[in-house]
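Remarks on the overall topology
One letter stands for each residue in the lines below.
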Amino acid sequence: MKALTDKIHDLGLKFGIYSDAGTYTCGRRFGSLGYEDIDAQTYASWGVDYLKYDNCYAEGLSGTPKISYDRYANMSRALNATGRPILYSMCNWGEDGPWNFAVDIANSWRISGDLVDEFDRYDDRCPCTDILDCKLPGYHCAMARVIDFAAPVGQKAGPGRWNDLDILQVGLGGMTFDEYVTHFTMWSLVKSPLIIGTDITNMSNDTRTILTNKALIDVNQDAAGSPANRIWKRPVDAGGDLQLWQGSLVNNQFVFAVMNTSPTNQTLDVQFADVFIDQGKIYQQQSYTLFDLWQQDDDGNWSKNVGTFQGSLPKVQLASHQTKVWKAIPASSSRRSSHAEL
């Protein structure tokens, strides 16, 4: 294994491995419950960089945050004792509210049951409607459902500790282009790990276009590490809803998005009084230069300057299941940057 890991590192890549905080993994291989120290030392000796740690066959060791914390903390301590930096990706499916206890022991934690390649189809195997009081995380959770789950727990994440909304479904074929754009956009904004789930040796041009949007990857990797928050969610008569999300970036910049989960096209004015409600009146009233992160500039780079706006962004048109996203820079800052470049 060490020779394989060395070859992977020589390619400039990282090496990840999978285990389970139970007697068996979900695939019924041996798990690490009770063997955390020896397994962690083995991973370190192999040069492992990333551990996904699952939740099957846990022998009933769940039901309260303390029970789940103790079980997962054992591997956290074992990894730290190796002296090798290994990213610890906790995957307990949101049981017992990991956003409340995993911040001290893991680098990321799954917030829900397994994601499925569907936009919004309800499935009884993912029965919870409120992740904060979810007794059975399940699986086959549609993408829009997981976005709802993520809305209240963003406040628990930050640099070095992340809510994990599960592996990207982009390119697997179950959703449309606009739906995959929504998927990638929202995972980027809430700072979920962006783990590609499709076969990268056989990607379509559409899939490659979405997964290589550098402007959104930069939002996901922004040094402030501040997940976007949902400002409002408004029902649509035909079903579904409209949602407004906003997040802060470094250098007094911002990102905001509007998402349409309804089956019909929608048009709306995005009010800056809503977008900047957390920042207060000065921010609500000033002008912003906006960059559309799903349009390309003249050089082919994602992030097209679409103008300067004050008060609102009017007449935003959204197709069914579409999301649009903008980076907002205070116009005064944009002018100072332009003068500095001159």
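Residues numbered from 1 in each chain as written. Predicted model: local features only at pLDDT ≥ 70, side-chain atom pairs only at ≥ 80, totals over all residues. Heavy atoms only, no water.

1. Notes on the side chain of R145
The criterion, for reference: In this text, helices come from DSSP runs of H or I with a minimum length of four residues, and strands from runs of E with a minimum of two, each type numbered from the N-terminal end. Residue burial is assigned from relative accessible area. The probe radius is 1.4 Å, only protein chains are included, and a residue is buried under 20% of its type maximum, exposed over 50%, and partly exposed in between. Here the positive residues are Lys and Arg and the negative ones are Asp and Glu; neither His nor the chain ends is included. A carboxyl oxygen of Asp or Glu within 4 Å of a side-chain nitrogen of Lys or Arg is what we treat as a salt bridge. Residue contacts are counted whenever heavy atoms from the two residues lie within 4.5 Å of one another.
Among the structural elements, R145 can be located in helix α5 (residues 143-150). For the buried R145, no salt bridge exists, and the shortest N-O distance to an oppositely charged side chain is 5.8 Å, to D148. Filtering out sequence-adjacent residues up to four positions away, R145 remains in contact with Y122, C126, P127 and C128.

2. Section: the packing of aromatic side chains
Inclusion rule: Note on aromatic contacts: the rings of Phe and Tyr and the six-membered ring of Trp form a pair at centre separations within 6.5 Å, being stacked when their planes are under 30 degrees apart, edge-to-face when over 60 apart, and tilted otherwise. Whether a charge lies above a ring is judged from NZ of Lys or CZ of Arg, which has to be within 6 Å of the ring centre and within 35 degrees of the ring normal.
Using the criterion set out here, one finds 14 aromatic pairs in the structure. A centroid spacing of 5.8 Å and a plane angle of 85 degrees characterise the contact between F272 and F276, whose relative ring orientation is edge-to-face. On the accessibility criterion, F276 (0% relative accessible area) is buried. These aromatic residues form a ring-pair network of at least three members: F254, F256, F272, F276, Y283, Y288 and W326. Across the ring face of Y24, the terminal group of R28 is positioned such that the distance to the ring centre comes to 4.6 Å.

3. Topic: the sheet that holds strand β10 (residues 287-296)
Applicable threshold: Only when DSSP finds a minimum of two bridges between them are two strands counted as paired. Fitting a line to C-alpha atoms yields each axis, with helices limited to the stretch in contact; the angle taken between N-to-C directions then spans 0 to 180 degrees.
Strand order in this open sheet of 6 strands is β6-β7-β8-β13-β10-β11, and the pairing throughout is antiparallel. Looking along the sheet, the strands with just one partner apiece sit at the ends: β6 (229-235) and β11 (302-310). On average, adjacent strands in this sheet sit at an angle of 20 degrees to one another, irrespective of strand direction. Pairing between strand β7 (residues 241-249) and strand β8 (residues 253-260): 8 bridges, direction antiparallel. Counterpart to W245 in the pairing with β8 is A257.

4. Here's the deal with the state of the cysteines
Selection rule: When the sulfur atoms of two cysteines come within 2.5 Å, that pair is taken as a disulfide.
Per the stated rule, a full pass over the model turns up 3 disulfides. Between the sulfur atoms of C26 and its disulfide partner C56 the distance amounts to 2.0 Å. Taking the torsion about the sulfur-sulfur bond, which here is approximately 95 degrees, the covalent link between C26 and C56 counts as right-handed. Highlighted residues: C26 in the loop between β1 (16-20) and α2 (36-46) and C56 in the loop between β2 (50-54) and α3 (65-82), separated in sequence by 30 residues. The class for C56 is buried, based on a relative accessible area of 15%. Here the protein pairs its bonded cysteines, counted in sequence order, in the arrangement 1-2, 3-6, 4-5. Its sulfur unpaired, C91 is 7.1 Å from the next cysteine sulfur, which belongs to C26.

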